[in-house]
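# Architecture at a glance
Spelled out from the first residue to the last, the chains are:
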Amino acid sequence: MDGEDRVNGSSGADAMDVNWSRRSFLIGTSSVLAASAIALFESSNIAKAFSALNGVQVDSGMTKVFQQDYYYIPNQMTWRVGTPMTLHIHNLSTTHFHEMQIGRGGFQRDPNYFTDLRIQFKQDFWDGVPVTIEEEHWVDNLVTNKAIVTSLPKTGPWLITGAGNGNFSPTLRPGGSISLKFTVPNKPGVWEYGCFVQGFIHYADGMKGTIDILPA
Ligand SMILES: [Cu+2]
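Residues numbered from 1 in each chain as written. Predicted model: local features only at pLDDT ≥ 70, side-chain atom pairs only at ≥ 80, totals over all residues. Heavy atoms only, no water.

So, about the pattern of salt bridges. With the rule as written, the count across this model stands at 2 salt bridges. Here lysine 181 makes a salt bridge to glutamate 134, at a shortest N to O gap of 4.0 Å. A residue pair is termed long-range when its members are at least 10 positions apart, and lysine 181 in strand β11 (residues 169–183) and glutamate 134 in strand β8 (residues 130–143) qualify at 47 residues. Judged by its relative accessible area of 45%, glutamate 134 falls in the partly exposed class. (Salt bridge = Lys/Arg side-chain N within 4 Å of Asp/Glu carboxyl O. Helix = DSSP H or I, 4+ residues; strand = E, 2+ residues; numbered from the N terminus. Buried < 20%, exposed > 50% of the residue type's maximum accessible area, 1.4 Å probe, protein only.)

Core analysis: the biggest nonpolar cluster contains 34 residues, and Trp79, Leu87, Met100, Ile102, Trp126, Leu180 and Phe182 have the highest contact counts within it. Secondary-structure elements contributing two or more residues to this core are β3 (76–80), β4 (84–91), β8, β11, β12 (189–194) and β13 (208–214). (Core = buried A, V, L, I, M, F, W, Y, C linked by side-chain atoms within 4.5 Å.)

One open sheet holds the 5 strands; their spatial order is β3-β13-β12-β6-β7, and the pairing between them is mixed. Edge positions in the sheet fall to β3 and β7 (119–124), since each has one partner strand and no second. The mean angle between the axes of side-by-side strands here comes to 45°, regardless of whether they run parallel or antiparallel. In this structure, β3 lies alongside β13, joined through 5 bridges in parallel fashion. Bridged to tryptophan 79 within β13 is isoleucine 213. (Pairing = 2+ DSSP bridges. Axes fitted to C-alpha atoms, helices over the stretch in contact; angles between N-to-C directions.)

Bound to the copper ion on the protein side are His98 (ND1), Cys195 (SG) and His202 (ND1), at distances that span 2.0 to 2.1 Å. Site description for the copper ion: donor spacing in sequence, H-x96-C-x6-H. Placement of histidine 98 in strand β5 (residues 98–99) and of cysteine 195 in the loop between β12 and α3 (201–204) is noted, with a sequence separation of 97 residues between them. When sorted by exposure, histidine 98 lands in the same class as cysteine 195, which is buried. (Donors = N, O, S within 2.8 Å, 3.2 Å for Na, K, Ca; no water.)

In structure tokens, the structure reads:
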């Protein structure tokens, strides 16, 4: 009798677990199917369909961006004006340097840069934005441009503060990382990010993304 009770008891618990996970699975699946249907009907992309269904997820606080050869994870973010952010950028490549510029308005070559291959966005998102560097590890260089870098815990040869060195951008060695703490400035709209290491090669291969900045 004791043995039977234990068996019954444990299969009862298993059944509950099965029901629970099956329900989660069904909810998830119907969400995916609904999103797919919307995507098909509207010829829209799936991310937008998910946003319509589940609400836009707005990043705040610690927000991680990973760099690979040659893409970013994620390649789309949504920020809101006035939100405190810590943008943690981590280069997962074992072989390549990568940077992260944020800007818009098309591209231009920076005529002052030491190589004529330097590409930058016409408008630098970071212009006039106070930024605190919270952590740096294997940073090749950080071009500050017109950002207001309020904390430089470890100044060094990697820091490029002079004018004419291109847009604000950290360039990370393989495995490198940096954390940028800031408050999303009042610059709503669609912004792009991209890596222009080796000219357009990384960007053209897909190393780019978009940030939708919502008004406060
Ligand atoms: Cu790159």
